[in-house]
Amino acid sequence: MYGPQISSITASHIENNLDGLTVEQALRDNRLFILDHHDALMPYLDRINALPTTKTYASRAIVFLKKDGTLRPVAIELSLPPSEDRESFEKVFTPAEEGAEGALWQLAKAYVTVNDSGCHQLISHWLKTHAVTEPFIIATNRQLSVMHPVHKLLSPHFRDTMNINALARQILINGGGILENTVFPGKYALEISSAVYKHWRLDEQGLPADLMKRGMAVVDSSMPYGLKLVIEDYPYAVDGLEIWFAIVSWVKEYLSLYYQNDDAVKSDTELQAWWNEIRNVGHGDKRNETWWYRMETVKELEEALTTIIWVASALHAAVNFGQYPYAGYMPNRPTISRRFIPEEGSREFAELVENPDLFYLKTINNQLQTTLGIALIQILSSHSTDEVYLGQRATNEWTDDERVIEAFNRFGTKLKEIEKNITERNQNAGKWKNRCGPTKVAYTLLYPNTSDLSHKGGLTGKGIPNSVSI
């Protein structure tokens, strides 16, 4: 229905850019990766491309891991589904620096970026942090007493989320709103996001599970966290694993004070009502999935709570607060493409060859779309002046249990140690090239900022707020 599912990228397209390796050798050594937006977008392309604002493709991009730990794109495939007047379209582009081939390669990379920026905003950001957190917030407030230990643990991680989501539905993700006018799917944006939710699983949202599912890590008992990263210099994963396991330790220690055994979990009627509402009401269309925690053991409770806290704090920080620093210059990360790749021999192709830069600018976001897009991500990327970061609490009166306070202080101390570790890694650009990149922008999105009590806010590019609050 949507054309061939098998990619048209072949070994001959990429072997000249694999530093002497064959495709088989590169695959065996875990040095080839794919950024794949093909299958998720193909069912929508005809409708999207019928909009007056968008002309785009479904993309696959192959990248190669070089010996210095950095990645090099080696092939891009752009596809369109078949229609009444056209067979399915698949075209492969490979790296080039000059002439028409260089201009086409630059355009191909732009279409990949358009796909990726839209999917990032709609799926990685809105769906997988803002939207999926709501059922946990509602169930917590409906089923758990404010004195319940799980309520006390989670409440700072739900601060302002319902408010910001309500505001988003009024002006951001609503029909005809800002998002529809600044990302390529237009009025089909939320339909795509909703369709992807069908594949969402809570047990795959924790960082280790996510990394393994994506093939970015493998189990290795000899490594510090029992995982070996396929790409050693992967800042999100390196910093994130430290944060993840700090949360694990804090949640485990906290719960041990209230749940001495599995029977305590099973007999907690409030807790069971809370979990029942999450599974059967909040995420009710997934109630029959077999992956849900049965919530009969302390370990299941630990894993569920750790994942909820991770999603609301560190995952949201990683996907949200870097949007302006990394994408604030729209030609670097366009969100809309307004025309297709020109056919050789056409007037548009001659225009591309004559002035590639001008053709590029006429292809990506126009001035109004650019202005709206930049204004949006500037707001989203800004920390508030009353931000409460991971390892902090808005008040010291949230508990009077000295054991809890001591455990929480240990959590904060660990996060401050992680801050030092991140700073040290960022200062060693010779070894960790991906932490700063060619633009020399240090990766600090998972810098906890637990030590910061200044309440300055703004575009700091660092800090993990407790909750999804922007």
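Source: prediction; values computed, not measured.

**Q** Could you clarify how one ought to interpret the packing of aromatic side chains in this entry?
**A** What describes a pair of aromatic rings is the distance from one ring centre to the other and the angle between the planes of the rings. By the definition in use, this model includes 19 aromatic pairs. With a centroid separation of 6.0 Å and an interplanar angle of 20 degrees, the aromatic rings of Tyr197 and Trp200 are classed as stacked. The pair formed by Tyr197 and Trp200 is uniform in burial state, with each residue classed as buried. Joined through ring pairs, the aromatic side chains of Tyr197, Trp200, Trp274, Trp275, Trp291, Trp292 and Tyr293 make up one cluster. One residue, Arg393, lies across the ring of Trp398, its end atom 3.6 Å from the ring centre. Here Lys462 stacks its cationic end above the ring of Tyr447, 5.0 Å away from the centre of that ring.

**Q** Help me understand the packing of helix α5 (residues 99-143) against helix α12 (residues 269-282), please; the structure alone is not making it clear to me.
**A** Between two packed helices, both the angle of their axes relative to each other and the distance between the axes serve to describe the pair. Where α5 meets α12, the closest approach of the two axes is 9 Å, and the angle between their N-to-C directions is 145 degrees. Here α5 runs over α12; the crossing is right-handed. Residues Pro135, Phe136, Ile138, Ala139, Thr140, Arg142 and Gln143 of α5 form the contact with α12, whose own contacting residues are Glu270, Ala273, Trp274, Trp275, Glu277, Ile278 and Gly282. Classifying every residue of the contact of α5 with α12 by side-chain character gives eight nonpolar, three polar and three charged.

**Q** Explanation requested: the packing of α5 against helix α7 (residues 161-171) in the structure shown.
**A** Following both chains from N to C, one finds α5 and α7 inclined at 125 degrees, their axes separated by 10 Å at the closest point. With respect to α7, the element α5 is oriented oblique. In this structure, α5 meets α7 at a crossing whose hand is left-handed. Contact residues: Trp126, His130, Ala131, Glu134, Ile137 and Ile138 in α5; Thr161, Met162, Ile164, Asn165, Ala168 and Arg169 in α7. Of the residues assigned to the contact of α5 with α7, the class counts are seven nonpolar, three polar and two charged.

Thresholds applied
- Residues numbered from 1 in each chain as written.
- Predicted model: local features only at pLDDT ≥ 70, side-chain atom pairs only at ≥ 80, totals over all residues.
- Heavy atoms only, no water.
- Phe/Tyr/Trp six-rings, centres within 6.5 Å; stacked < 30°, edge-to-face > 60°.
- Buried < 20%, exposed > 50% of the residue type's maximum accessible area, 1.4 Å probe, protein only.
- Lys NZ or Arg CZ within 6 Å of the ring centre and 35° of its normal.
- Axes fitted to C-alpha atoms, helices over the stretch in contact; angles between N-to-C directions.
- Helix = DSSP H or I, 4+ residues; strand = E, 2+ residues; numbered from the N terminus.
- Left-handed = near helix turned anticlockwise from the far one by under 90°.
- Contact = heavy atoms within 4.5 Å.
- Nonpolar A, V, L, I, M, F, W, Y, C, P; charged D, E, K, R; others polar.
- Parallel < 35°, antiparallel > 145°, perpendicular 65-115°, else oblique.

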